[in-house]
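The lines below spell out each chain.
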Amino acid sequence: MCLLVLSSTNLHNIQCSVFTSQMLTDAPSEALSDFRSFTSDLAQICVPRKALPAEMISRNNFSVWSILKKCIGMELSKIAMPVVFNEPLSFLQRISEYMEHTQLIYKACGLSDSIERMQVVAAFAVSAVASQWERTGKPFNPLLGETYELVREDEGYRLISEQVSHHPPISAFHAQSLKQEFEFHGSVYPKLKFWGKSVEAEPKGTMTLELLKHKETYTWTNPMCCVHNIILGKLWIEQYGTVEIINHSTGDKCVLNFKPCGMFGKELHKVEGHIQDKNKKKRQVIYGKWTECIYGVDPKVYDTYRKTGGDSKKLKEVSDEDDMAEVQETVTVIPGSALLWRITPRPAHSAQMYNFTSFALTLNELEPGMERLLAPTDCRLRPDIRAMENGDIDTASTEKERLEEKQRAARRERSQDEEEWSTRWFQLGTNPHTGAEDWLYTGGYFDRNYTDCPNIY
């Protein structure tokens, strides 16, 4: 498996296109041996990495309070933060983590019942925010015009994202199945506010999922996210708020309640909700934790269980993989429930790698030969993120300041010339399903003509 531009399948095909079967038959044994060695080396290249080049940079000697004490109640998008509080990913790369559990979309595509499809789409919506668990580092703010592409032929999809606005910061993305089974797109405007002891992130923007075979479109917005104990104590994350998933084709709706922690922490990470049809009849109950797993159950079974108290059957499972950290589930499973989704265990060394998932660890990998195929605006080519990933905090800080000043200078120049910024791959339009303003993909990115891309690095 190989992320992005080249997959192991692609590389194999590239090699085989050079040698016809007749050429291989006629080739001397030495040439065949060299060819086998060459393709073996390429296969090794395409094994995704399982660790970053350097461990997480320590924040013990830095005080976030010294920066944020004057920002209580303020929106933080314009506040310059020291690079040590970042993680070595751009926000565009964080958005691509929505795709970690793409198998759920394919599962929904294969179901014939609309309520069952909604149930799995709901699980996907929850899974899309699960990677935020314990991720207390701030992703780098994308530069205006910055892009990120993710091509996963093994998973059957490709994604392109672009920073389409700097103030306010808006990131647009578009993912599509390589076999025209689905499209998943949206634009995100993350509003950050500091409240003295916590930082709250409101992910403004609508997610749109289209299941093309069923001619169905689902939309929803993500829950609020809050990082606690910014000043003192162990940092921890909660997500809360109501998420409504609407099937615009059938009228079905799923209402998910991401519960706030509460006084004694009993509700921490819990998600509960239900699916109703167009006649508002409750058809299915959804429950679980966004950090662990999600289940579905018949509403009558759920109500009976609640009324009788049920028998508490708690799952405690650990992964069989030696290199995975222990996963212990604390969700009380109602008899008759169906498991919809379970979080993928993180690597055992995740805490030393910014609490990245195995998926996140691969996102900034720059494989041999990839640079000449990527757009020059791709996140992987950002020198500040690359330096931080390599553990060089001084270079990361210097490069971050240089890039930000270059961006300001470009903005001043455009202002003097009375020139408007023009996005490259997305344009502002109207989401046909919600009627709301949205950034829509105009196509053409994967034609790989990048001659008019801006010089932002």
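Just above, that's the structure.
Rules behind the numbers
- Residues numbered from 1 in each chain as written.
- Predicted model: local features only at pLDDT ≥ 70, side-chain atom pairs only at ≥ 80, totals over all residues.
- Heavy atoms only, no water.
- Helix = DSSP H or I, 4+ residues; strand = E, 2+ residues; numbered from the N terminus.
- Contact = heavy atoms within 4.5 Å.
- Areas by Shrake-Rupley, 256 points an atom, 1.4 Å probe, with all protein chains shown as cover.
- Buried < 20%, exposed > 50% of the residue type's maximum accessible area, 1.4 Å probe, protein only.
- Pairing = 2+ DSSP bridges.
- Core = buried A, V, L, I, M, F, W, Y, C linked by side-chain atoms within 4.5 Å.
- Phe/Tyr/Trp six-rings, centres within 6.5 Å; stacked < 30°, edge-to-face > 60°.
- Lys NZ or Arg CZ within 6 Å of the ring centre and 35° of its normal.
- Expected span 1.5 Å × (residues − 1).
- Patch = residues over 30% accessible without salt bridge, like charges linked within 9 Å, V, L, I, M, F, W, Y side chains within 5 Å.
- Salt bridge = Lys/Arg side-chain N within 4 Å of Asp/Glu carboxyl O.
- Lys, Arg positive; Asp, Glu negative; His and termini not counted.
- Charge placed at Lys NZ, Arg CZ, Asp CG, Glu CD.
- Polar contact = N/O pair within 3.5 Å; in protein donor to acceptor, adjacent residues only side chain to side chain.

Caption draft 1: Region of the structure containing the overall build of the protein. Tallying secondary structure elements over the protein gives eleven helices and 18 strands in all. By sequence separation, contacts in the protein at least 24 residues apart represent 60% of the contacts at least 6 residues apart. Total accessible area on the protein stands at roughly 22,000 Å², and carbon and sulfur atoms take up 50% of it.

Caption draft 2: Main features of the pairing of strand β8 (residues 207–211). Within β8, five of the five residues are buried, which leaves it mostly tucked inside the rest of the structure. Burial along β8 is two-sided: the face carrying Met207, Leu209 and Leu211 and the face carrying Thr208 and Glu210 are both buried. Judged from the five bridges that link them, strand β6 (residues 182–194) and β8 form a sheet pairing that is antiparallel. Considered in β8, the bridge of Gly186 is made with Met207.

Caption draft 3: Local environment of the nonpolar core. Phe184, Leu209, Trp220, Ile245 and Leu256 are the most contacted members of the largest nonpolar core, which totals 76 residues. Element by element, the count of residues in this core is highest for helix α7 (residues 114–127), at nine residues. If we skip the residues at most four places from it in the chain, Ile245 touches Met118, Val121, Ala122, Ala125, Tyr218, Thr219, Trp220, Asp252, Lys253, Cys254 and Leu256. Ranked by size, the runner-up nonpolar core spans 14 residues in total, among them Ile160, Ala172, Tyr445 and Tyr450.

Caption draft 4: Region of interest: the packing of aromatic side chains. This structure, assessed with the given rule, holds 14 aromatic pairs. Here Trp425 and Tyr445 contribute two aromatic rings whose centre-to-centre distance is 5.1 Å and whose plane-to-plane angle is 80°, an arrangement assigned as edge-to-face. Note that Trp425 is positioned in the loop between α11 (393–416) and β17 (426–430) and Tyr445 in the segment after β18 (437–441), a separation of 20 residues in sequence. Plain terms: the ring middles of Tyr445 and Tyr450 are 5.1 Å apart, the flat faces sit at 40° to each other, and that makes the pair tilted. An aromatic cluster is defined as three or more aromatic residues linked by ring pairs; in this entry it consists of Tyr98, Phe124, Phe173, Phe184 and Trp220. Over the ring of Trp425 we find Arg424, and its NZ or CZ is 3.9 Å from the ring centre.

Caption draft 5: Seen up close, α11. The end-to-end C-alpha distance of α11, which contains 24 residues, comes to 35 Å, matching closely the 34 Å that a straight helix rising 1.5 Å per residue would cover. Tucked inside the fold, the buried residues of α11 contact β1 (86–90), β2 (138–140) and α10 (383–389). Of the residues flanking the end of α11, it is Glu418, one or two places downstream, whose phi is positive at about 55°.

Caption draft 6: Up close: a negative patch on the surface. Taken together, the side chains of Glu413, Asp417, Glu418, Glu419 and Glu420 present a region of like negative charge at the surface. Relative to the helices and strands, Glu413 resides in helix α11.

Caption draft 7: Highlighting the pattern of salt bridges. For the structure on display, the rule yields 24 salt bridges. The salt bridge involving Arg49 is made with Glu389; its shortest N-O contact spans 2.6 Å. Separated by 340 residues along the polypeptide, Arg49 in the loop between α3 (29–45) and α4 (65–68) and Glu389 in helix α10 bring together distant segments of the chain. Owing to a relative accessible area of 16%, Arg49 belongs among the buried residues under this scheme. Residue classification places Glu389 among the buried positions, given a relative accessible area of 2%. Via salt bridges that share partners, Glu87, Arg94, Glu97 and Arg135 belong to a single interconnected network.

Caption draft 8: A look at the side chain of Asp252. Structurally, Asp252 can be placed in the loop between β11 (236–247) and β12 (253–258). For the buried Asp252, which has no salt bridge, the nearest side chain bearing the opposite charge is Arg283, at an N-O separation of 5.9 Å. A polar contact of 3.0 Å, which involves the side chain of Asp252, links it to the side chain of Ser114. Excluding residues within four positions of it along the chain, Asp252 makes contact with Ser114, Ile115, Met118, Ile245, Ile246, Asn247, Gln276, Asp277 and Lys278.

Caption draft 9: Up close: α7. Between its first and last C-alpha atoms α7 spans 20 Å; for 14 residues at 1.5 Å apiece the expected length is 20 Å, and the two agree. Counting buried positions along α7 yields 13 of 14 residues, so the element is predominantly enclosed. Its side-chain oxygen placed 3.0 Å from the backbone nitrogen of Ile115, Asp113 serves as the N-cap of α7.

Caption draft 10: Fine view of unusual backbone geometry. His167 connects to Pro168 through a cis peptide bond whose omega is 0°. The topology assignment puts Pro168 in the loop between β4 (157–165) and β5 (170–177). Even without being a glycine, Lys215 presents a positive backbone phi close to 55°. By relative accessible area, Lys215 is classed as exposed at 71%. Backbone geometry places Arg448, a non-glycine residue, at a positive phi of 60°. Positionally, Arg448 belongs in the segment after β18.

Caption draft 11: The pairing of strand β3 (residues 147–152), seen in detail. Burial analysis of β3 places six of its six residues in the buried class, which makes it a mostly covered element. Covered by surrounding structure in β3 are Thr147, Glu149 and Val151 together with Tyr148, Leu150 and Arg152, the residues of both alternating faces. Bridge analysis of β3 against β4 gives six bridges, and the strand direction is antiparallel. Opposite Val151, over in β4, you have Arg158 as the bridge partner. Hairpin remark: β3 followed by β4, antiparallel, with four residues in the connecting loop; positive phi at Gly156, about 75°.

Caption draft 12: The arrangement of the environment of His349 in detail. Structurally, His349 can be placed in the loop between β16 (338–342) and α9 (358–361). For His349, a relative accessible area of 26% gives the class partly exposed. Each C-alpha atom, one on His349 and one on Ala51, is 8.2 Å from the other, the two residues being 298 residues apart in sequence. Those residues in contact with His349 that sit more than four places away from it in its chain are Lys50, Ala51 and Leu361. A distance of 2.8 Å separates a polar side-chain atom of His349 from the backbone oxygen of Lys50.

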